[in-house]
Amino acid sequence: MTVAGLLLDLDDTLYAYAPANEAGRAALFAAIAKDAGVPLESVSSSFELARRSTKARTRGTGASHGRLLYLSELVHAMGRPDLLGRIQAWEALYWETYLDAAVLDPRAHHVLTVLRRRGVRVCITTNLTLSIQLRKLERLGLLPLIDAVATSEEAGADKPDPRIVELGAQRIGVPLGACVVAGDDIDCDAEVAARLGIPFIHVTGDVRVLLTVLEGTPGEP
């Protein structure tokens, strides 16, 4: 398969989301328990209720992933508006711990370097907000290896809404018909590709599949 544009997912495609999220949550919950004077074991369930409530109001948008919004909902549900002054520090702690724990697929730099050398333009098309996704890309050392970023916050809707992929193709200057979508999530990434009638590459555990499918060669490990 020869294409000119790669519309590539980030979370759970180029690095594992779960370990980073677990590390971030552990630090966050400990800070909440300390500042709020509540048992640590109660924080997880309270946070999950706040997360679900926030997502119910903002579902399908970049805002639905906002940890700051979850924390605002949490302190209001607790009847603790006095803690509103702490939620930005909590969010910062979560993301800094998350980023410290995020581990890039060790083959990602090589794969993206090879693809760009072969003329494939790469846009990271990702659900979530621009600010945090840029921080992830910078921390993982990916910014020099891509041509553009398109987030669901900017597009106005999460995948599988096609607007985010359309925005990504526009930003790399490649017609959709010459693009391929790649990612880990069948419900989001594969579905958006199907809606647009363009190819999809399922990335699960080894990003070298991009070279195998796009160029017919696995490249170096």
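For clarity, every value in this text was computed on a predicted model and none was experimentally measured.

1. Brief notes about the packing of aromatic side chains
Under the criterion given, the structure shown has seven aromatic pairs. An aromatic cluster is built from Tyr-15, Tyr-17, Tyr-94, Trp-95 and Tyr-98, whose rings are joined through pairwise contacts.

2. Description of the side chain of Gln-133
Looking at where Gln-133 falls in the secondary structure, it is placed in helix H6 (residues 130-139). You can call Gln-133 buried: its relative accessible area is 0%. Not counting residues up to four positions away in its chain, the partners in contact with Gln-133 are Leu-10, Asp-11, Thr-126, Asn-127, Leu-128 and Thr-151.

3. Details of the nonpolar core
Core analysis: the largest hydrophobic core is formed by 53 residues, its most contacted members being Leu-6, Leu-8, Leu-14, Trp-90 and Leu-210. For Trp-90, the residues in contact, after removing those within four places along its chain, are Leu-28, Ala-31, Ile-32, Asp-35, Leu-71, Val-75 and Leu-83. Residues Ala-155, Ala-169, Val-174 and Ala-193 belong to the second largest nonpolar core, which totals 16 residues.

4. Points about the side chain of Thr-126
Its location among the elements puts Thr-126 in strand E2 (residues 121-126). Judged by its relative accessible area of 0%, Thr-126 falls in the buried class. At 2.6 Å, the side chain of Thr-126 forms a polar contact with the side chain of Gln-133. Sequence-distant contacts of Thr-126, defined by excluding residues within four places in its chain, comprise Asp-9, Leu-10, Asp-11, Gln-133, Ala-150, Thr-151, Ser-152, Lys-159 and Ile-164.

5. Points about the environment of Val-111
Within the secondary structure, Val-111 is located in helix H5 (residues 108-117). Note on Val-111: relative accessible area 0%, which makes it buried. C-alpha of Val-111 to C-alpha of Val-122: the two residues are eleven residues apart in sequence and 11 Å apart in space. Among all residues touching Val-111, those that are not within four sequence positions of it are Val-207, Arg-208, Leu-210 and Leu-211.

Cut-offs used in this document
- Residues numbered from 1 in each chain as written.
- Predicted model: local features only at pLDDT ≥ 70, side-chain atom pairs only at ≥ 80, totals over all residues.
- Heavy atoms only, no water.
- Phe/Tyr/Trp six-rings, centres within 6.5 Å; stacked < 30°, edge-to-face > 60°.
- Helix = DSSP H or I, 4+ residues; strand = E, 2+ residues; numbered from the N terminus.
- Buried < 20%, exposed > 50% of the residue type's maximum accessible area, 1.4 Å probe, protein only.
- Contact = heavy atoms within 4.5 Å.
- Core = buried A, V, L, I, M, F, W, Y, C linked by side-chain atoms within 4.5 Å.
- Polar contact = N/O pair within 3.5 Å; in protein donor to acceptor, adjacent residues only side chain to side chain.

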